[in-house]
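# A look at the structure
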Amino acid sequence: MSSPTFNSFRKNPLVVRLVVCLAGGVVLALMWGSQEGSTTDSAHAFTEAVLAPRIVGFLALGVLVWALISFWPRVRPYVVRPGAWPLVSGVVTVGAALFLMHWDDQVGNAKFSAVSSAVADTSGLAPLVTIYFGWLYWVGLLIVALLSAATIVTRRSLLGWIAAALSVVMGVLGLIAHSTLLDFTGGIDHSTGPFVALAGYVVIAAAAIAAGTSPEQVAQSRAFMAGLFGWRPGLPLVVVGALATIWALASATWFSPQNSNLTLSDTRTTFEGTGLSSLAVQYLAWLGWVSLAAAAVLTGAASYLRHRLLGWIGALVGAVGVVLTLITLYDISDLGAQNKFNSATGPWQNLGIGGWLACLGLFLIGSGGVIAAITPKSASGGATAEPIRSVLVPSRLRAAGDTLTQYRSLALAGAALVLFYPPMATLFWQKVLVIEVGVYVLLAIGLNVVVGWAGLLDLGFIAFFAIGSYTTAFLVGALPRKPPSWLHLSPLLAIPFAIIFCLIAGVLLGAPTLRLRGDYLAIVTLGFGEIIRIIAINNPGNFTNGPRGATNIPHPVIHLGPIHVTWGLDSLPYWYLLVVIIGIVLLLFYRLENSRLGRAWAAVREDEVAAQATGINATKVKLLAFAIGASTSGVAGVFFATQVGYINPDNFVLNNSILVLAYVVFGGMGSLPGAMAGAAVLTWLPEFLKDQVPSDDRVMWIGAIVLLMMILRPAGLIPAKRRKAELSGLQGTSSAETTAVPASEGL
Amino acid sequence: MSTWFHLLPEYLFEGLTRGSMYALIALGYTLVYGVLQLINFAHSEVFMSGAFGSFLVIHSITGNSAHPSAGVVALIIILGLLVGAVTGALIAWVLEQVAYRPLRRRGAPKLAFLISAIGASFFLSQLAGKLFGRLSNRGFPSYFNPNHLLFHIGTARIQLFPLIIIGSAIVMMIFLDRLVARTKLGRSVRAVAEDAPTAALMGIDIDRTISRTFMIGGALAGAAGFMFGTAFGFGNTMGFTPGIKAFAAAVLGGIGNIRGAMIGGLVLGVVESVVPALPAIGTSWTDVVAFVVLVLVLLVRPTGILGEKLGRAA
């Protein structure tokens with residue numbers, strides 16, 4: 001048992017790593033799939049998961065990971081070459097489009113496999129369709145991927161150009177095959193699979209070109225991205241926006257009554273002579289195209305020539321274009337509702353994605369103009385016209401302004417998507433956006449203040465969400481004890497009250513406990529969360545209505561002078577209410593991080609004793625963090641209560657607290673865009689994969705993700721700049737003894 | 001109120017039963033806190049795994065047969081305790097290797113440890129749910145709780161199985177006490193808890209000691225899981241509430257103090273049994289009692305009843 005050979009075998013790092021990787025493969029096999037444990041046969045799930053042929057695949061995956069880690073030094077030079085990671089992400093995107101996305105809504109479950117088998121069974125289709133859906137889709141992808149990989153290894157530019165051309169051809173072929181198929185099957189179609197595949201193929205093409213032509217040995221991806229955005233500030237936005245608007249005006253659906261897809265020109269002919277307002281008629285005829293052309297030319301010139309005034313003018317024209325489009329959409333749908341097209345009951349119904357895509361595109365063009373106008377000329381080298389090739393060679397020092405331009409461009413593009421994508425999404429996704437993504441993003445922003453900025457591990461965050469919801473329920477009279485008649489409020493007016501109550505609750509919880517160390521605070525806040533939930537269930541004094549909760553909470557209404565806005569069952573208006581709320585919160589928090597209070601939080605987080613020594617009142621500062629986080633959660637609670645209309649204690653379980661913590665940690669503790677991104681990704685992913693992964697397993701996967709994140713990349717997706725340095729820790733410079741016990745006292 | 005007073009011995013006995021299980025789990029928390037100064041949030045899943053492990057083995061041996069002879073039952077109980085302890089130790093060891101050791105190597109801040117533990121805890125409980133079903137009150141074979149009334153002390157009905165639970169818990173606690181006080185391993189645990197770098201200079205292998213500490217705590221929790229499962233039923237989320245209460249018990253007795261954890265567990269069990277029986281309060285508030293005790297202790301006497309011996313104060 002302790003013979004020398006066995007011991008050396010046991011301690012050999014390669015062998016240990018192989019065992020660990022194989023074990024990891026087995027664990028993954030246990031997690032993956034829809035096997036469910038049963039109480040009658042305890043080993044059922046286990047045998048189905050492990051003693052089945054598919055275990056070979058998982059073990060092979062383990063061996064592959066082991067090989068990658070063990071022979072990483074030999075692989076690494078290829079992986080960091082220009083084009084390597086873009087190639088991988090492009091292939092993954094195309095794969096995701098092929099496995100997960102819809103290709104034709106009329107066929108089976110609309111996924112590619114269903115379409116492919118349907119095509120195989122049908123005769124009379126165009127040969128391109130049969131070939132593409134038969135074998136070309138994977139053969140083409142394989143050839144393109146292999147050629148690109150060969151380009152990365154051999155660095156021959158000819159190979160790169162060939163691979164890029166083939167890649168673009170594959171993407172376009174997919175589009176053509178898709179639209180031919182649509183003509184064949186007919187019907188309304190919202191499938192986006194081919195477009196995502198095209199995007200993937202474009203990325204692969206770019207990767208192949210970069211791999212073949214770049215003189216660098218190592219990819220400078222950050223400098224490349226910054227240079228791309230900084231070469232002519234705003235130009236990428238203008239190009240993308242113009243392409244989107246051209247597509248929208250030329251061939252996207254604008255109006256779809258009774259199962260017909262009407263493009264812009266079709267809409268014009270349909271509405272001819274029906275009394276449509278003249279502005280809308282002219283827009284449909286020529287004004288749309290003209291505003292696109294004007295905005296694009298102005299902003300394009302502004303960004304190419306680095307001309308400020310032109311940029312502002314172009315932005316203005318773009319904004320006018322957005323407004324014109326919105327007015328046209330309103331007129332079309334309003335008239336359509338009056339004529340009872342497809343049983344419409346009011347404006348904004350029966351619209352296709354065309355109008356919204358045009359708005360998106362014009363907004364992007366306008367944003368490009370804004371960026372061109374606000375970026376000073378001194379950034380990225382002045383007004384000399386550098387060739388585009390220079391972005392591939394980061395040999396000169398990039399100015400810091402390039403990164404700022406990049407962030408601004410991405411932020412404006414994000415704003416465009418936030419404003420104009422939801423109307424284009426399907427009803428299912430609109431509901432997900434409002435109920436899951438939006439609420440959890442707001443919660444993540446609040447928890448980020450407590451955990452990320454102040455470093456307090458709050459595990460009972462959902463308690464404040466509950467307080468906000470029950471406050472709303474009380475004030476609108478949905479609970480057994482009614483408020484006095486002068487206090488009977490409309491839901492949105494409950495927001496200030498929810499904030500006040502959550503502030504009080506936060507201070508009550510924090511005052512005695514915040515002087516405790518982090519570990520104790522975690523447990524006490526967890527206990528607080530549970531106590532709130534138990535109070536809600538136990539219904540003392542018949543206040544919370546027990547497990548039944550509150551029903552019949554009215555939806556929000558706004559009656560302010562001439563403005564009358566009501567919300568109903570439709571998800572989309574809630575999204576815009578949420579955008580306003582989150583916008584206000586972001587505006588308030590954005591400055592907070594770099595303010596005096598934010599710096600005090602960072603000091604307390606890193607070393608409380610030292611912070612106190614410099615005169616910061618640690619307890620007061622921590623209480624403020626608690627209170628601010630609590631009130632954000634309360635506002636989210638108000639929104640949730642009025643949007644869903646009913647609440648009960650099951651909405652406020654501990655799981656949800658942990659989920660919000662997971663979102664913040666995954667996205668990057670302490671970074672505001674990180675918390676939002678983490679919440680958005682981790683609420684979107686389970687819905688996106690809901691056919692692949694059973695919904696019961698969601699918490700398991702998220703637990704595994706949190707664990708892996710802390711082990712491998714504790715800084716998160718979008719690290720806060722300060723945090724990244726903290727969490728990477730001492731890299732192997734100390735011996736095992738001195739790092740055996742966590743060194744720091746504070747968090 | 002007079003009924004309450006009348007039934008007090010009964011509540012005390014029930015409290016001792018629960019308290020001994022809390023004490024076993026609290027020992028795990030306290031041991032890890034002593035050596036690493038961090039709360040092992042995933043300890044509750046170690047507890048749960050002991051219940052599942054012992055159930056699987058016992059079920060595969062006896063099936064659903066009812067009422068074997070007393071000797072066989074005794075053997076099965078010992079087997080259950082052993083298997084529970086082994087499963088608990090194994091899961092605790094894996095936990096330390098996967099969730100804590102990489103972070104220790106890197107010198108990560110405390111927050112990272114806590115979050116990693118939370119992730120591991122949720123992952124383990126949900127994985128168990130996926131593999132073995134999410135029913136929350138499964139039972140062991142019925143011959144484990146025969147309501148076999150032995151005798152009365154006042155109004156307390158002393159049943160056989162709770163007595164076995166209390167007895168085995170006391171035996172395990174005595175064993176642990178001797179282990180920590182008299183053996184070489186115990187000495188190294190105390191040394192690492194007091195001053196890790198100096199212990200390393202004295203030639204103690206810190207990594208191995210920490211591993212062994214996790215395993216000891218895990219063994220105790222696993223055995224407690226078996227007992228809890230037989231008495232109260234088990235499920236994949238069974239660890240959460242007892243885990244919190246056991247942590248409250250550990251703090252009550254003085255975190256890092258082994259005898260404190262034992263006493264704290266027993267005291268908390270008794271309080272939890274006696275207080276909700278008061279007519280004014282009601283049993284639906286049972287879970288809240290532990291949290292209230294925790295907050296009160298942290299406010300009034302953070303070092304706990306016996307004060308801290310290993311490790312530092314709040």
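Residues numbered from 1 in each chain as written. Chains lettered and ligands numbered in written order. Predicted model: local features only at pLDDT ≥ 70, side-chain atom pairs only at ≥ 80, totals over all residues. Heavy atoms only, no water.

It is worth spelling out helix H25 (residues 618–644) of chain A at this point. Residue and element names in this part refer to chain A. Helix length check: H25 (27 residues) gives 39 Å between terminal C-alpha atoms against 39 Å at 1.5 Å per residue, within 8%. Among the 27 residues that make up H25, 23 are buried, leaving the element largely enclosed by the rest of the structure. Taken from the residues just after H25, Gly 645 is the one with a positive phi, measuring 95 degrees. (Helix = DSSP H or I, 4+ residues; strand = E, 2+ residues; numbered from the N terminus. Expected span 1.5 Å × (residues − 1). Buried < 20%, exposed > 50% of the residue type's maximum accessible area, 1.4 Å probe, protein only.)

Residues and elements named next belong to chain A. Residues Leu 61, Leu 64, Val 65, Leu 68, Ile 69 and Trp 72 make up a contiguous nonpolar surface patch of roughly 510 Å² in combined accessible area. If you tally residues by element for the nonpolar patch, the top one is helix H4 (residues 55–70), at 5 residues. In this fold, Ile 69 is placed in helix H4. The class of Ile 69 is partly exposed, set by a relative accessible area of 46%. (Patch = residues over 30% accessible without salt bridge, like charges linked within 9 Å, V, L, I, M, F, W, Y side chains within 5 Å. Areas by Shrake-Rupley, 256 points an atom, 1.4 Å probe, with all protein chains shown as cover. Salt bridge = Lys/Arg side-chain N within 4 Å of Asp/Glu carboxyl O.)

The next point concerns the packing of helix H12 (residues 235–251) of chain A against helix H14 (residues 278–305) of chain A. Residue and element names in this part refer to chain A. At a minimum axis distance of 10 Å, the contact between H12 and H14 shows a crossing angle of 170 degrees. Of the possible angle classes, the one that applies to H12 and H14 is roughly antiparallel. Between H12 and H14 the crossing geometry is left-handed. Along the contact surface, H12 presents Leu 235, Val 238, Ala 242, Thr 245, Ile 246, Leu 249 and Ala 250, while H14 presents Tyr 283, Gly 288, Trp 289, Leu 292, Ala 296, Thr 299, Gly 300 and Ser 303. By residue class, the composition of the contact of H12 with H14 is 10 nonpolar, 5 polar and no charged. (Axes fitted to C-alpha atoms, helices over the stretch in contact; angles between N-to-C directions. Parallel < 35°, antiparallel > 145°, perpendicular 65-115°, else oblique. Left-handed = near helix turned anticlockwise from the far one by under 90°. Contact = heavy atoms within 4.5 Å. Nonpolar A, V, L, I, M, F, W, Y, C, P; charged D, E, K, R; others polar.)

Residues and elements named next belong to chain B. A complete count under the given rule lists 15 salt bridges over all chains for this structure. Between Arg 157 and Glu 10 there is a salt bridge, and its shortest N-O distance comes to 4.0 Å. Note that Arg 157 is positioned in strand S2 (residues 156–159) and Glu 10 in helix H2 (residues 8–36), a separation of 147 residues in sequence. Among the salt bridges present, the one from Arg 104 reaches Asp 207, with a minimum N-O distance of 2.4 Å. Here Arg 104 is found in helix H4 (residues 70–106), whereas its partner Asp 207 is found in helix H9 (residues 206–232), with 103 residues between them in sequence. Residue Asp 207 is classed as buried on the basis of its relative accessible area of 13%. Taken together, the salt bridges that share partners define one network made up of Glu 14, Arg 18, Lys 245, Glu 272 and Asp 287.

Turning to unusual backbone geometry, a few remarks are in order. A negative phi angle characterises most non-glycine residues, just as the trans form characterises most peptide bonds. Even without glycine at this site, Arg155(A) takes up a positive phi of about 60 degrees. Along the chain, the position of Arg155(A) falls in the loop between helix H8 (127–154) and helix H9 (157–185). A residue is classified by how much of its surface remains accessible, and Arg155(A), at 23% relative accessible area, is partly exposed. Within the chain, Gln37(B) stands out as a residue other than glycine whose phi angle is a positive 55 degrees.

Residue and element names in this part refer to chain B. Confidence in the prediction for chain B averages 87 pLDDT; 95% of positions are at 70 or higher. When the elements of chain B are averaged for pLDDT, strand S1 (residues 149–153) gives the smallest value, 74, and H9 the largest, 93. Long-range and interchain partners of residues 310–314, a stretch whose pLDDT sits below 50, account for 18 contacts in this model, where long-range means more than four residues apart. If you check the scores for this complex, the pTM reads 0.84 and the ipTM reads 0.87. (pLDDT = per-residue confidence, 0-100.)

All names here are of chain A. Orientation of helix H6 (residues 84–100) relative to H8, taken along the N-to-C sense of each, is 175 degrees, at an axis distance of 10 Å. When the axes of H6 and H8 are compared, the pair comes out roughly antiparallel. Note on element contacts: H8 touches H6 through Tyr 137, Leu 141, Ala 145, Ser 148, Ala 149 and Ile 152, opposite Ala 84, Leu 87, Val 91, Val 94 and Leu 98. When the residues that make up the contact of H6 with H8 are grouped by side-chain class, the tally is 10 nonpolar, 1 polar and no charged.

Another aspect to go through is the interface of chain B and chain A. Where interface size is given, it is often the accessible area lost as the parts come together that is meant. Each partner contributes to the interface: chain B provides 63 residues, whereas chain A provides 67 residues. Of the roughly 5800 Å² buried at the junction of chain B and chain A (both faces included), carbon and sulfur atoms supply 72%. The largest contributions to the chain B side of the interface with chain A come from Arg106(B), Leu111(B) and Lys130(B), which together make up 13% of the buried area. At the junction of chain B with chain A, the criterion picks out 2 salt bridges. Across the pair Asp697(A) and Lys130(B) runs a salt bridge, and its minimum N-O distance is 2.6 Å. The interface formed by chain B and chain A holds 5 residue pairs in polar contact (both at pLDDT 80 or more) in total. Counting residues per element, the ones that place at least two in the side of chain B that touches chain A are H2, helix H3 (43–62), H4, helix H5 (110–132), helix H8 (196–201), H9, helix H10 (240–253) and helix H12 (286–300) of chain B. Looking at the side of chain B that touches chain A, the element that brings in the most residues is H5(B), giving 18 residues. Broken down by class, the residue content of the side of chain B that touches chain A amounts to 45 nonpolar, 7 polar and 11 charged. (Buried area = accessible area lost by both parts, 1.4 Å probe. Polar contact = N/O pair within 3.5 Å; in protein donor to acceptor, adjacent residues only side chain to side chain.)

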